[in-house]
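Here are the chains, one letter per residue:
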Amino acid sequence: MSIHQTSFVLSVEDLTVSFDGFKAVDGLTFYVEPNECRVMIGPNGAGKTTVLDLICGRTRATGGSVRFKDQELLTMREDQIVLAGVGRKFQTPSVYEDLSVFENLELSFPRGHGVFGSLFFRRDAEVKDRIQEIAETIFLADLLDEKAAFLSHGQKQWLEIGMLLIQDPELLMLDEPVAGMSVAERKKTAELLNRIIDHRSVIVIEHDMGFVEDIATRVTVLHQGKTLSEGKMDKVKNDPKVIEVYLGH
Amino acid sequence: MQIDRKTRFLTREEAIYFGLLAAVIFLILPLALDSFRLNLFGKYLTYAFVAIGLVLCWGAGGILSLGQGVFFGLGGYAMAMFLKLEASTPEATAIQSTPGIPDFMDWNQITALPWWWEPFNSLAFSLIAVVIVPVAFAFIIGVAMFRRRVGGVYFAIITQAIAAILTILIIGQQGFTGGVNGITDLRTLKGWDIRTDEAKEILYFVNAVLLFACLFAAQYVRRSKLGRLLIAMRDQEDRVRFSGYDVASFKIFVFCLGAAFAGIGGAMFTLQVGFMSPTLVGIVPSIEMVIFAAVGGRLSILGAVYGTLLVNWAKTTLSESFPELWLLGLGALFIAVVMFFPNGLAGLWSEQVMPRLRKLFAGRGAGARPPAAPVPANSASAPDSPAAKAAAE
């Protein structure tokens, strides 16, 4: 047991949340290993986004436990969870529209997160070089001084991914990173994600099955807040239960 | 290179605007106005402290407080309590049944100075209280509201209720606070008569210097990463939270800073006008202060100062001639600003006037040296940056 606790990056056990009696997530248990890319699929309303919300503290769980490197996340505040090393990308691109791309990235730089730390934060060479490096990774190096409001939908998604990268989280959670993208953007994003999921554990929610097959180490299929099936993509794809509730239509 | 620009304390353009405002406040107004009018403008400028705080809280951070009069009042009362005690010497109050205590206490059958008035015998304590009391109160409100994630309209309503409560409390406890009349008949500051024309002129300049100190402090905050975080929070509070920031503590900080500015303004009001009363604490003055900031431009600290001067000047002038129409006019002005110029006078200036002036200059001075580089030049030079960086490496 204790061996397990230390070898997993994330241990979700018996996680439950109920909204007015409706159990959106119901006794969910799964483990994420180092460098694993876990993809969550499932029909609408299966509780995928809620699981991410529970892990990052946006929604409070009614029961169970979420341990990240032996820290219990369920009792921590959102910002503490982030500083512990869990990054979260939202479904709709959320970037700071009134700030430039540079400033968007700068705010995610992991330094000066307290009130006075940010008041006396210096934009030194280390910060600038790191931002330049990230901007090149996310294809936005030429747009550093552009206001984020003027970016295209796809570019905003990349920017948000960039903001997560600069945090350098050990566990990265992405909620439908390629939704609403053009074919060309989608391809570029897949390439980008493949590069960034290399050295960290990732949980991705995605509907695009081609994309899932491309990146997933393992897949969890959620249905009505419970695990329907779990394992390698091949196994899950041929699971009759999965075919019936999800892949079938 | 263009990236460095924005962390500079003042851009060239901003330095010019700061200089212009300094010229107006330190030279033009004192030279153009007689002593009475100058004192009046000095009074207006004390509201500008509040307006600057509102630009930070509301304009930058999206936290609309309709209770800034509370902090203005607390600062003003702290100052007034000291001045009142100094004016209530046993000799000056010999006709009272209890000499040596403020007159309004005597009228209310109070026979000894309440314990919490005692420390205000000290000028040093009073000056510290001018800032600390409003900040402490703002901190308590801030922790109670922002930790529970109360925001937006709810926060505005609660702050308004607090303004109403404090007014009622002050009026109700008239033995301790002077009631509805407030604390009046203030005379000297450490023996220096503050009622003479000369003293009022000096206080005007003290006020102006303090105002610029607050403007510089506000500018520093806006230029810091904290300033950008406030803007980010206004747009995407969740994203800021999930970038590892404790959003509540930033809101508490900026709310306390606004309260500190307001407290200083209140103290300067007391000194220049010679009294402090609950009429400056309640809902109406608190909302008026929001209107000053809105008219001047809620995104511009300098705009807030101009807005305060302009609205107050209009109030004095118009309410002399049409006293019953003024409040309606003020309401109409607020609605007009919100609907047609959401960024106020400052927005009108930077969006309408400046582009036209630039065009005019660019047209005339095409052959000559280019005039002050317009802002868009900023983004035009963007592609240079990676190249320049590469060259440097």
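Every residue gets a number counted from 1 within its own chain, in the order that chain's sequence is written. The lettering of chains begins at A and the numbering of ligands begins at 1, in the order of writing. Local features in this predicted model are restricted to residues of pLDDT 70 or higher, and side-chain atom pairs are both shown and tallied only at a pLDDT of 80 or more, whereas totals for entire chains, interfaces and linings draw on every residue. Side-chain measures here rest on the full set of heavy atoms in the structure, leaving out hydrogens and waters.

(A) Region of the structure containing the UniProt feature "transmembrane region" (unreviewed entry) in chain B. Residues and elements named next belong to chain B. Here the UniProt-annotated "transmembrane region" (unreviewed entry) positions come out as residues 15–33, 45–74, 123–146, 153–172, 202–221, 242–269, 289–313 and 325–349. The way it works is that DSSP assigns letters per residue, a run of H or I at least four long becomes a helix, a run of E at least two long becomes a strand, and they are numbered from the N terminus. The distance from the first to the last C-alpha atom of residues 202–221 is 29 Å, and the span holds 100% helix and 0% strand. Between the C-alpha atoms that bound residues 242–269 there is a distance of 42 Å. The span itself is 82% helix and 0% strand. UniProt positions are given in the numbering used here, feature names are shortened, and annotations may be inferred rather than shown by experiment.

(B) Summary view of the nonpolar core. To qualify as a nonpolar core, a set must consist of buried Ala, Val, Leu, Ile, Met, Phe, Trp, Tyr and Cys residues joined through side-chain atoms within 4.5 Å. With a 1.4 Å probe rolled over the protein chains alone, any residue whose accessible area is under 20% of its type maximum counts as buried; one over 50% counts as exposed, and the rest are partly exposed. A:Leu105, A:Ile138, A:Leu159, B:Ile25, B:Leu211, B:Leu215 and B:Val305 are the most contacted members of the largest nonpolar core, which has 165 residues in total. A:Val25, A:Ile81, A:Val82 and B:Phe242 belong to the second-largest nonpolar core, a separate cluster that totals 33 residues.

(C) Representation of a nonpolar patch on the surface in the model. All names here are of chain B. A contiguous nonpolar patch, built from Ile16, Leu20, Tyr306, Leu310, Trp313 and Leu345 and spanning about 560 Å² of accessible area, is present on the exposed surface. Listing elements by their share of the nonpolar patch, those giving two or more residues are helix 2 (12–32) and helix 14 (301–321). Per-element accounting of the nonpolar patch gives the leading share, 3 residues, to helix 14. On the secondary structure map, leucine 345 appears in helix 16 (residues 344–364). For leucine 345, a relative accessible area of 32% gives the class partly exposed. Each patch is built from residues that are more than 30% exposed by relative accessible area and take part in no salt bridge. Like charges join if they lie within 9 Å; nonpolar side chains (Val, Leu, Ile, Met, Phe, Trp, Tyr) join within 5 Å. With residues, only the protein chains shown are counted as cover, and all accessible areas are computed by Shrake-Rupley using a 1.4 Å probe. The term salt bridge refers to a pairing of a side-chain nitrogen on Lys or Arg with a carboxyl oxygen on Asp or Glu at a separation within 4 Å.

(D) Broad picture of the sheet that holds strand 6 (residues 86–89) of chain A. Residue and element names in this part refer to chain A. When DSSP finds two or more bridges between a pair of strands, those strands are recorded as paired. Strand order in the open sheet made by the 6 strands is 6-7-8-3-9-10, with mixed pairing throughout. Two strands lie at the open edges of the sheet, namely strand 6 and strand 10 (226–231), each paired on one side alone. Across the sheet, the mean angle separating the axes of adjacent strands is 15° when strand polarity is ignored. Sheet topology note: the strand 3 (residues 37–41)/strand 9 (residues 218–223) ladder contains 4 bridges and is parallel. In the strand pairing of strand 9, isoleucine 41 is matched with valine 221. Helix-sheet contacts for helix 11 (residues 240–247) involve strand 3, strand 9 and strand 10, and the interaxial angle to strand 10 is about 120°. Orientation is described by axes fitted as lines to C-alpha atoms, over the contacting stretch for helices, and by angles from 0 to 180 degrees between their N-to-C directions. Whether two residues touch is decided by their heavy atoms; if any such pair falls within 4.5 Å, the residues are in contact.

(E) A look at the side chain of A:Ser108. Among the structural elements, A:Ser108 can be located in helix 4 (residues 101–108). Ignoring any residue separated from it by four or fewer positions in sequence, one finds A:Ser108 in contact with A:Met163, A:Ile166, A:Gln167 and B:Ser243.

(F) Region of the structure containing the interface of chain A and chain B. Between chain A and chain B, the contact holds 44 residues from the first and 35 residues from the second. A 1.4 Å probe defines the accessible area here, and the buried area is the portion of it lost by two parts on being joined, summed over both. Roughly 3500 Å² is buried in total at the junction of chain A and chain B, and carbon and sulfur atoms are behind 56% of that figure. Taken together, the connections running from chain A to chain B amount to 6 salt bridges. The closest approach of N and O atoms between B:Asp238 and A:Arg58, which form a salt bridge, is 2.6 Å. Of the residues forming the side of chain A that touches chain B, the biggest block, 5 residues, is contributed by helix 4 of chain A. Counted by class, the side of chain A that touches chain B contains 19 nonpolar, 8 polar and 17 charged residues. For this scheme, ten residues count as nonpolar: Ala, Val, Leu, Ile, Met, Phe, Trp, Tyr, Cys and Pro. Four count as charged, namely Asp, Glu, Lys and Arg, and the remainder, Gly too, count as polar.

(G) Quick peek at helix 2 of chain B. All names here are of chain B. End to end, helix 2 covers 28 Å across 21 residues, agreeing with the expected 30 Å (1.5 Å per residue, within 8%). Considered for burial, the residues of helix 2 that qualify are Glu14, Phe18, Leu21, Ile25, Leu29 and Pro30. Looking at the buried residues of helix 2, the elements they touch are helix 3 (35–60), helix 9 (197–223) and helix 14. One less than the number of residues in a helix, times 1.5 Å, gives the span that helix is expected to have.

(H) Summary view of a negative patch on the surface. Residue and element names in this part refer to chain B. Residues counted as positive are Lys and Arg, residues counted as negative are Asp and Glu, and His and the chain ends are not counted. Every charge is mapped to an atom, namely NZ of Lys, CZ of Arg, CG of Asp or CD of Glu. Taken together, the side chains of Asp34, Asp197, Glu198 and Glu201 make up a negatively charged region of the molecular surface. Mapped onto the fold, aspartate 34 is located in the loop between helix 2 and helix 3. Looking at aspartate 34, the relative accessible area reads 46%, which means it is partly exposed.

(I) Main features of helix 7 (residues 152–172) of chain B. Between its first and last C-alpha atoms helix 7 of chain B spans 30 Å; for 21 residues at 1.5 Å apiece the expected length is 30 Å, and the two agree. On its buried face, helix 7 of chain B is in contact with helix 4 (68–87), helix 6 (123–146), helix 8 (174–177), helix 12 (247–273) and helix 13 (283–296) of chain B.

(J) Examining the pattern of salt bridges more closely. Per the stated rule, a full pass over the model turns up 39 salt bridges over all chains. Between A:Glu160 and B:Arg239 there is a salt bridge whose closest N-O contact spans 2.4 Å. Placement of A:Glu160 in helix 7 (residues 153–167) and of B:Arg239 in helix 11 (residues 237–241) is noted, with the two residues assigned to different chains. For the residue pair A:Glu160 and B:Arg239, the accessibility class agrees, reading buried in each case. Salt bridges here are not isolated pairs; linked through shared partners, they connect A:Asp53, A:Arg58, A:Arg88, A:Asp175, B:Glu237, B:Asp238, B:Arg241 and B:Lys251.

(K) Representation of the confidence of the model for chain B within the structure. Residues and elements named next belong to chain B. Per-residue pLDDT for chain B has a mean of 88; in total, 90% of the residues score no lower than 70. The predictor's confidence in any single residue is recorded as pLDDT, a number from 0 to 100. Considering only residues more than four positions removed or in separate chains, one finds that residues 1–5, a stretch of pLDDT under 50, has 13 contacts. In this model residues 366–393 is a low-confidence stretch, pLDDT under 50, and it forms 19 contacts with partners more than four residues away in sequence or in other chains.

(L) Representation of the pairing of strand 2 (residues 22–32) of chain A in the model. Residues and elements named next belong to chain A. With 7 bridges connecting them, strand 1 (residues 10–19) and strand 2 associate as antiparallel partners. Note on strand 2: the bridge partner recorded for leucine 10 is valine 32. Once strand 1 ends, the chain turns through 2 residues before running back antiparallel as strand 2, passing aspartate 20 with a positive phi of about 50°.

(M) Region of interest: the sheet that holds strand 5 (residues 71–72) of chain A. All names here are of chain A. The strand order 2-1-4-5 describes an open sheet built from 4 strands, whose pairing is antiparallel. Of all the strands in the sheet, the pair left with one neighbour each is strand 2 and strand 5. Two strands pair when backbone bridges link them, and strand 4 (residues 63–68) and strand 5 are joined in this way by 2 bridges, in the antiparallel orientation. The residue bridging arginine 67 from the neighbouring strand is glutamate 72, located in strand 5.

(N) Examining the packing of helix 7 of chain A against helix 8 (residues 183–196) of chain A more closely. All names here are of chain A. In contact at an axis separation of 11 Å, helix 7 and helix 8 are set at 5° when each is read in the N-to-C sense. The angle between helix 7 and helix 8 falls in the class roughly parallel. Residues Gly154, Gln155, Trp158, Ile161 and Leu165 of helix 7 lie in contact with helix 8, whose contacting residues are Glu185, Lys188, Thr189, Leu192, Leu193 and Ile196. When its residues are assigned to classes, the contact of helix 7 with helix 8 shows 6 nonpolar, 3 polar and 2 charged. Small angles under 35 degrees read as roughly parallel and large ones over 145 as roughly antiparallel, with 65 to 115 read as roughly perpendicular and the rest as oblique.

(O) Geometry of unusual backbone geometry. The residue A:Asp14 is not glycine, and still its phi comes out positive at about 55°. On the secondary structure map, A:Asp14 appears in strand 1. Among the residues examined, A:Asp14 registers a relative accessible area of 48% and is labelled partly exposed. For B:Arg149, which is not a glycine, the phi torsion comes out positive at approximately 65°. Following the sequence through the fold, B:Arg149 ends up in the loop between helix 6 and helix 7.

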